[in-house]
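Each chain is listed here by its residues.
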Amino acid sequence: MSKIAGKTAKAKTQSTSGDSSPQVAVVKKIIIIASAITAIILISIGCTWLTREIQPRISNPDGVFMRVNGIEVTREDFYERLKLQAGLSQFLYLVDETLVSSYFEDITPEDIEDERNRVKYDTTDPDEIAELIEDPDFVEQVERDFIYVMTFSGFDPFDDEDIESFLMMNIARRKAARDFLEERLLEQHDGDLDEAIKAYYEDHYAGDRTAIQLVFGNRAEYENVLKRFGLVPYAMSGDVEKGLYRYDGSLEELRDMTKSADFDEDNTTLLDEAEVFLAFVEIHDYLYPWRDSLAGRLGIDFEDLEGTFDYETLDWSLFEDERTTYAYHVMKQDNVTRTAADHLFALSLEDADDEEEDVVLRYTHEGRTYFNDGQATSLVMYFLADVLDFTAFDDLDEETRLDIEEDFFKSKMTEQLINEALHTLRIDSGMRIHDQKVALAYRFRFFEDVYEEKRDASVFASFTDFKITTDAFFDHLVKRTAALYAGEAFKLEYLFESDYFETVFESSNRNVMRSNSEKMVEYRDLYEQVRLMYSQGQFFNPQDPLGRWNPFVYSFQEFLHLNEEFGRFHSHEHFLRSLAMYDMLPYFAFDNIDFDNASYYVKYQYDNYFSLKVEHLLVYIDRDDMMVPLGVDDFLETLEGDADAEAEFEALLAALLEEIAKAHDQDDISFRNIAVEYRKALRGEDAPEPDDNGDDNDNGNDNGNDNGNDDNGNDDNGNDNGNDNGNDNGNDDNGDNGDDNGDDNGDDNGDDNDDEEPEPYTDYSRWAMFKNYGFKLRHEDLGQRTYLNSTGYAPEFVEGMQRIYEDYVSNHAEEEHYMDDTFVKTSFGLHLMRVTPGDGFEKPSARFPLPEEETEDNDNDNDNDNGQENDNDDNDDEEEEEPIEYDERWNNASDFPSDVQLRLWAEARFKEMIGHPELIPIPESVDEAMKAYFAGYHNRFYPRQDFDLAGQYHITKLMLESDIVFEMMPERLSKAIENIHDVFNHLLYQDIEALKED
């Protein structure tokens, strides 16, 4: 997935054709689950299912909890549903709220505001938040997401008291976890918590470093640059002293030496620290010509070093602005710099104390992996200048120690730790659950058996100091979850009472346990077959949320009750009723397709249609070597409106585009290999004089013919012999196999004659002027792109693909591929695209049938062009296929789908879905058009296996439009259902509403 162009949407619509109907999906799911469980059967010694012991029961179980237009749901039925779906999570919330209540009094308004920011923005840093909220679209989405989180957590997102309760509980849970961790650490460290914090401090706050940093675009560039300065870029093999070596021969010889075995003590010289420093300075100025010269700052003259440089008395402050300061605890938190942090902080300004130990170098003598973004792997080398601001832990002032302690506990505050802390609190509180099903769910999750039968059915759970009654638990379930599950409960009852039942099951007997409907008998037989399959087995839960192995095993019925992936069922009857509901859902969905809004969606998909296979080169600026693309506008701001500087930038950009086009069109180099060649290119801008053949002596710069075999760590035909002591593994640049594989392809031009002078070494590259400015190049192959699967990309990028598609179709359709000649600008940088036709390249048309004038010669007589009949075209022994008779409603003289076609296509898909005997044939061309322009909208109205969004929307709408009565908390539940309906409405129609606004 492209991090540059944007993120693709993860949600995928479920196909409504073929065997993907809800009924078939459920049956398949049962079979798949059955097959999966077979693999984890344990030897059975017998197992007891949920027994018939006394179970907690709510008061007045037969009373009506909810009544909607005469359809009733009893208290007990609704209680069992809530307990099944949310019983454990809500019980834990209720228990934990009591156990951590002592922390509430210490929570300040500032704590609550920080927690609100953490939930919304994933940070509490004011500066980060201030930057985030500059984008109004981001703020709108954040506020919308907060509403979602609150609503689906069972809280009112528009009620300040509810919001505060939600946030305070989050805070209290972490405070309890912190105290739990502190107690554990005190026990581990004999009551001295400072020892643990001190170890953390010394590990993460190892003293800030300042260093010269050299970052190379990939391993090939690293090798090319070091060779350019006569240095050995490979780890020396054998019993040799660690350090940086210089090759004693010529650069021409060094260029062709491709592995560590080529070097030994006879042809190399180990550099001392002063010589290494000079090499770093020289390479730094070579890599970063846009920066102030280090050599100039230090007064180093590389033409005449005698008398101009004294390393022993070097004043490092002279180039303080040119070196970088690195904080270990900051670098360790950043994926970009974590590897580099370990690399840098292994250096020392002091020699090893033990003479027998190796000397700890002040510099890194090999390139190590710095950052891999899937497209390019950078290598880094450091020369340590100083260790700064490191204070012994015992000498820290109180405020700093508290900050370190806070960082320490934050680093430990994982969800697993919080779960473990609260679990321990519950067990220590003497928690015993008297309801078998919730106790089973707790055991399934935490591997702790807390069930205990109690003769008093009014008590749900007992603790040392308090108890929770069954009615109190039911009240809590209603308050937090009733609105969420009321729609599901009503939908089940509504469908069973509807005409859909009789249509599907051809019976008026709605008793699933006794109905003789053929479908219902099949489901009862299926359930029995699956049950018998596992009657001799026990099943275990492999999940381990507390870091322990699960010691318990579960029967099949227990597994069905607990498994969220398959669906939870509280009884055999519930299982059958749920399957029956899935059979009726397509009918309900079809009747609720909103065709009034369809035209907005279809027109948008039609107008924005494209189908391309896309790859692109991203051009961006990165002058600080943090691997973060800097967009054009952001870079131009750094020029502070300097007209000459801006003109230089524009001129270089135009030249870069021209050079890329030349490499692609004239030299026939792929986009990917252009990026590879660019990254490994040297920095010389002066082209060598042409030789006698008129060819440029590229001398090692590949002439563009790297065959794509670059940068997968197989350095120069793979002969690296484990450079970097295994730390790099040579995994550079995502599959570019073998640096410089064929680098000398034609370079010598036959100059192997001993009578001729060897070619001079040159570091010229066509890309040098751009690299020297700070341009970076990255390649991405995005594969098949259409408008439907590109909605997560930057809008400008999508618009660019649309424009290129139109140009390709109109002006370049006969070409195998097409490279656009302009950059597409996004916040990431500039994108240059190369495209080939995608699947369905030709824009689908809903026109049917073809205009009469185009079909008048359609006699299909299979005559050859010479007028002779081709007898081979017909097989007299085979009957000719009957022509398909299409419904006249398909008739459409326009490429754009008609409203009649939309409705007919939906009807045809519905009949196919339910296995209707009278299917409606769909013309292939019209079907392709519908899939392209309408299917994405159409499919959202049918339930997916994980969620029935449209069903929830229409059921809550029906409830709000009906005469609905709740026995408990009527005002709260009615308001909550309105909130939930609004959320479903937004999720279902947010794109349509945006189109209407446009």
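Residues numbered from 1 in each chain as written. Predicted model: local features only at pLDDT ≥ 70, side-chain atom pairs only at ≥ 80, totals over all residues. Heavy atoms only, no water.

(A) The arrangement of the side chain of Ser 611 in detail. Tracing the chain through its elements places Ser 611 in strand E14 (residues 611–621). A polar side-chain atom of Ser 611 sits 2.9 Å from a polar atom in the side chain of Gln 784. (Helix = DSSP H or I, 4+ residues; strand = E, 2+ residues; numbered from the N terminus. Polar contact = N/O pair within 3.5 Å; in protein donor to acceptor, adjacent residues only side chain to side chain.)

(B) Examining helix H21 (residues 572–591) more closely. In this model H21 runs 30 Å from its N-terminal to its C-terminal C-alpha over 20 residues, within 8% of the 28 Å that 1.5 Å per residue would give. Counting buried positions along H21 yields 15 of 20 residues, so the element is predominantly enclosed. (Expected span 1.5 Å × (residues − 1). Buried < 20%, exposed > 50% of the residue type's maximum accessible area, 1.4 Å probe, protein only.)

(C) The sheet that holds strand E19 (residues 964–966), seen in detail. Ordered in space as E2-E1-E19, the three strands form an open sheet in which the pairing is antiparallel. Two strands close off the open sheet at either side, each with one partner strand: strand E2 (71–74) and E19. Across the sheet, the axes of successive neighbouring strands diverge by a mean angle of 15°, strand direction being ignored. Of the pairings in the sheet, the one linking strand E1 (residues 64–68) to E19 comprises three bridges and is antiparallel in character. Residue Arg 67 lies in a different strand from E19, and its bridge partner there is Val 965. Strands E1 and E2 of the sheet are contacted by helix H2 (residues 75–99), whose axis makes an angle of about 65° with E2. Those strands touched by helix H33 (residues 970–997) are E1 and E19, and its axis lies near 130° from that of E19. (Pairing = 2+ DSSP bridges. Axes fitted to C-alpha atoms, helices over the stretch in contact; angles between N-to-C directions. Contact = heavy atoms within 4.5 Å.)

(D) View of the pattern of salt bridges. Per the stated rule, a full pass over the model turns up 49 salt bridges. Ionic pairing is found between Asp 435 and Lys 83, a salt bridge with its closest N-O pair at 2.7 Å. Taken as a pair, Asp 435 in the loop between strand E9 (432–433) and helix H16 (436–446) and Lys 83 in helix H2 lie far apart in primary sequence, 352 residues in all. Of the two residues, Asp 435 and Lys 83, both sit in the buried class. (Salt bridge = Lys/Arg side-chain N within 4 Å of Asp/Glu carboxyl O.)

(E) View of the nonpolar core. Ranked by internal contacts, the top residues of the largest apolar core, which has 124 residues, are Phe 65, Met 66, Phe 91, Ile 433 and Phe 934. Sequence-distant contacts of Ile 433, defined by excluding residues within four places in its chain, comprise Phe 91, Val 438, Ala 439, Tyr 442, Val 450, Tyr 451, Glu 452, Phe 460 and Ala 461. Core analysis: the next-biggest nonpolar cluster, separate from the first, contains 52 residues, Tyr 286, Tyr 326, Val 380 and Ala 385 among them. (Core = buried A, V, L, I, M, F, W, Y, C linked by side-chain atoms within 4.5 Å.)

(F) Broad picture of unusual backbone geometry. Of note, the bond from Phe 848 into Pro 849 is cis; its omega dihedral lies within 30 degrees of zero at -15°. Following the sequence through the fold, Pro 849 ends up in the loop between strand E18 (829–837) and helix H29 (899–914). Positive phi, close to 50°, is recorded for Asn 69, a residue that is not glycine. Relative to the helices and strands, Asn 69 resides in the loop between E1 and E2. Taking relative accessible area as the criterion, Asn 69 reaches 52% and is therefore assigned exposed.

(G) Layout of the pairing of E1. The sheet contact formed by E1 and E2 spans four bridges and is antiparallel. Its bridge partner lying in E2, Met 66 is registered against Val 73. The turn linking E1 back onto E2 is made up of two residues, and Asn 69 within it adopts a positive phi angle of 50°.

(H) Summary view of a negative patch on the surface. Judged by side-chain charge, Asp 127, Glu 128, Glu 131, Glu 134, Asp 135, Asp 137, Glu 140, Glu 993, Glu 997 and Asp 998 come together as a negatively charged surface patch. Contributions of two or more residues to the negative patch are made by helix H4 (126–132), helix H5 (136–152) and H33. Following the sequence through the fold, Asp 137 ends up in helix H5. Residue Asp 137 is classed as exposed on the basis of its relative accessible area, which comes to 57%. (Patch = residues over 30% accessible without salt bridge, like charges linked within 9 Å, V, L, I, M, F, W, Y side chains within 5 Å. Areas by Shrake-Rupley, 256 points an atom, 1.4 Å probe, with all protein chains shown as cover. Lys, Arg positive; Asp, Glu negative; His and termini not counted. Charge placed at Lys NZ, Arg CZ, Asp CG, Glu CD.)

(I) Structural view of the sheet that holds strand E11 (residues 467–469). Sheet architecture is open: three strands sit in the order E9-E10-E11, paired in antiparallel fashion. The sheet is open, and its two edges are formed by E9 and E11, each paired on a single side. Two strands pair when backbone bridges link them, and strand E10 (residues 459–462) and E11 are joined in this way by three bridges, in the antiparallel orientation. Bridge pairing in E11 places Ala 461 opposite Ile 468. Against the sheet, H2 makes contact with E9, E10 and E11, and its axis sits at roughly 30° relative to E10, the strand it touches most.

None of the figures reported here should be taken as evidence of function without further support.
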